[in-house]
Amino acid sequence: MTLSAEYKVCRLGPNDLADMRSMLRCFGEAFEDPTTYTDEQPDDDYLVRLLVDPSFVALGAVIEGEVVGGLVAYELRKFERERSEFYIYDLAVIEEFRRRGIATALIGALKPIARAAGGWVIFVQADGVDAPALALYDSLGKREDDVFHFDIAIE
């Protein structure tokens, strides 16, 4: 892919199914896991239901009609206070477009969305071996100490 123009960041809505599918391809390429992101994609109705849900945020960085970076976040409404947290579930930029500020711009675009929804913080997890992600997140926020992640089966 050889796209030279500057990128623009936009929030995807229910009329942006082609961009949503392009973002899924982008995640598959960036994470080197195309099977997970492209082999069993949801149908259009499912994606539309997600994209109209205000607690689901899909942001794409687009160059010449192609999504080269993307961010998916979920609003988690709190019960102990009237506020929300936003969890960045996936954030990726295709390798040849990295080091252009795209990931930072995607997170920056999430901030006003979170603020408008009553959010008080955005949080994200990163693998300890992913030095570029750790450097990015360290530059933007405060690292929590000794946080562990567990997957609990629902069988």
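Each chain carries its own residue numbering, running from 1 in the direction its sequence is written. Where totals are concerned, whole chains, interfaces and linings use all residues; where local detail is concerned, this predicted model gives features only for residues with pLDDT of at least 70, and gives and counts side-chain atom pairs only at 80 or more. In computing side-chain properties, one takes all heavy atoms of the structure into account and sets aside hydrogens as well as water.

## Notes on the environment of T35
Then, in step 1: Assignment of secondary structure puts T35 in helix α2 (residues 34–38).
Then, in step 2: When a residue's accessible area, from a 1.4 Å probe over protein chains only, is under 20% of the maximum for its type it is buried; when over 50% it is exposed; and in between it is partly exposed. Overall, the relative accessible area of 49% leaves T35 in the partly exposed class.
Then, in step 3: As for T35 and R25, which are separated by 10 residues in sequence, their C-alpha atoms are 9.6 Å apart. Secondary structure elements are taken from DSSP: a helix is a run of H or I of four residues or more, a strand is a run of E of two residues or more, and numbering for both begins at the N terminus.

## Describing the pattern of salt bridges
Then, in step 1: Here a salt bridge means any side-chain nitrogen of Lys or Arg lying within 4 Å of a carboxyl oxygen belonging to Asp or Glu. For the structure shown, the criterion picks out three salt bridges.
Then, in step 2: Between K78 and E85 there is a salt bridge, with the nearest N and O atoms lying 3.6 Å from each other.
Then, in step 3: Looking at K78, the relative accessible area reads 28%, which means it is partly exposed.
Then, in step 4: Given a relative accessible area of 15%, E85 falls into the buried group.
Then, in step 5: Connected via shared salt-bridge partners are K78, E80 and E85.

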